[in-house]
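Analysis of the macromolecular model
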Amino acid sequence: KLKGEKLKFRSQIEPGIQLHLNCTKIRGFTLIEATVVLVVTAMGLALLAGIGSNMQKQMVAKQEIDQFEWERFVSLLQNERQHFALVKKPGENVENIYLYSRKAKKDYIVHYESERDKVIMETASGGYMPLLYRVSSFRAIKQDKTIKITVQIDQRTYQTTFSLPLQKESGL
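Conventions we followed
- Residues numbered from 1 in each chain as written.
- Predicted model: local features only at pLDDT ≥ 70, side-chain atom pairs only at ≥ 80, totals over all residues.
- Heavy atoms only, no water.
- Helix = DSSP H or I, 4+ residues; strand = E, 2+ residues; numbered from the N terminus.
- Polar contact = N/O pair within 3.5 Å; in protein donor to acceptor, adjacent residues only side chain to side chain.
- Contact = heavy atoms within 4.5 Å.
- Pairing = 2+ DSSP bridges.
- Buried < 20%, exposed > 50% of the residue type's maximum accessible area, 1.4 Å probe, protein only.
- Patch = residues over 30% accessible without salt bridge, like charges linked within 9 Å, V, L, I, M, F, W, Y side chains within 5 Å.
- Areas by Shrake-Rupley, 256 points an atom, 1.4 Å probe, with all protein chains shown as cover.
- Salt bridge = Lys/Arg side-chain N within 4 Å of Asp/Glu carboxyl O.

So, about the side chain of His111. Looking at the element boundaries, His111 is found in strand S3 (residues 106-113). In terms of polar contacts, His111 uses its side chain to reach the side chain of Glu122, at 2.5 Å. For His111, the residues in contact, after removing those within four places along its chain, are Glu95, Asn96, Lys118, Val119, Ile120 and Glu122.

A few words on the pairing of strand S5 (residues 128-132). Put simply, side chains in a regular strand alternate between the two faces of the sheet. Two strands pair when backbone bridges link them, and strand S4 (residues 118-123) and S5 are joined in this way by four bridges, in the antiparallel orientation. Paired with Met121 across the two strands is Met129, which belongs to S5. Where S4 folds back on S5, the antiparallel hairpin that results is connected by four residues, among which Gly126 adopts a positive phi of roughly 105°.

Its identity is not glycine, yet Lys105 carries a phi of approximately 55°, on the positive side. Considering the arrangement of structural elements, one finds Lys105 in the loop between strand S2 (96-101) and S3. For Gln155, which is not glycine, the phi torsion reads 60° and is therefore positive. By secondary structure assignment, the location of Gln155 is in the loop between strand S7 (146-153) and strand S8 (156-163). A relative accessible area of 70% means that Gln155 is categorised as exposed.

With respect to the element layout, Asn96 can be found in strand S2. By relative accessible area, which is 15% here, Asn96 ends up buried. In contact with Asn96, other than residues within four places in its own chain, are Ile109, Val110, His111 and Lys142.

Moving on to a nonpolar patch on the surface. A cluster of nonpolar residues, Leu45, Leu47, Leu48, Ile51 and Met55, forms a patch on the protein surface that exposes about 550 Å² of accessible area. Checked against the element boundaries, Leu48 lands in helix H1 (residues 31-77). A residue is classified by how much of its surface remains accessible, and Leu48, at 58% relative accessible area, is exposed.

Just distances and angles here, no functional claims.
Here it is as structure tokens:
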């Protein structure tokens, strides 16, 4: 080997001499790359938190609407201005409530339409008024003057019991 001569190629290395070359470059994240990753991750987490919060608000609002509809339904049936009376029908089922309005002098039937997920009130003359929506089950158990109504709306169960005066059978 000549003095002062630099080895450029491996082939120029004499056998038996080991040359340790540090040719590998260690590659890592720069400070800017790491900051960008942290910012993107933080924005993604903030977005997910916002979506979760929005879904929770929508669920609470839906429950409040269901509660309002239920209270309106019960209030309508117990409305003193309508002077509703309970009409007993032979062979009636648990999905129908027969009412007579002493004030309007009309017969009404409150019943559950399972194919439409609604509880409606109809008159003998064909009038129709939806009372509850998104109903999955409806039961009205009558015992003398007392009615026990159980309704399931969006997997929540609502129940009430109240009394109405009895009316002899009417035309409905």
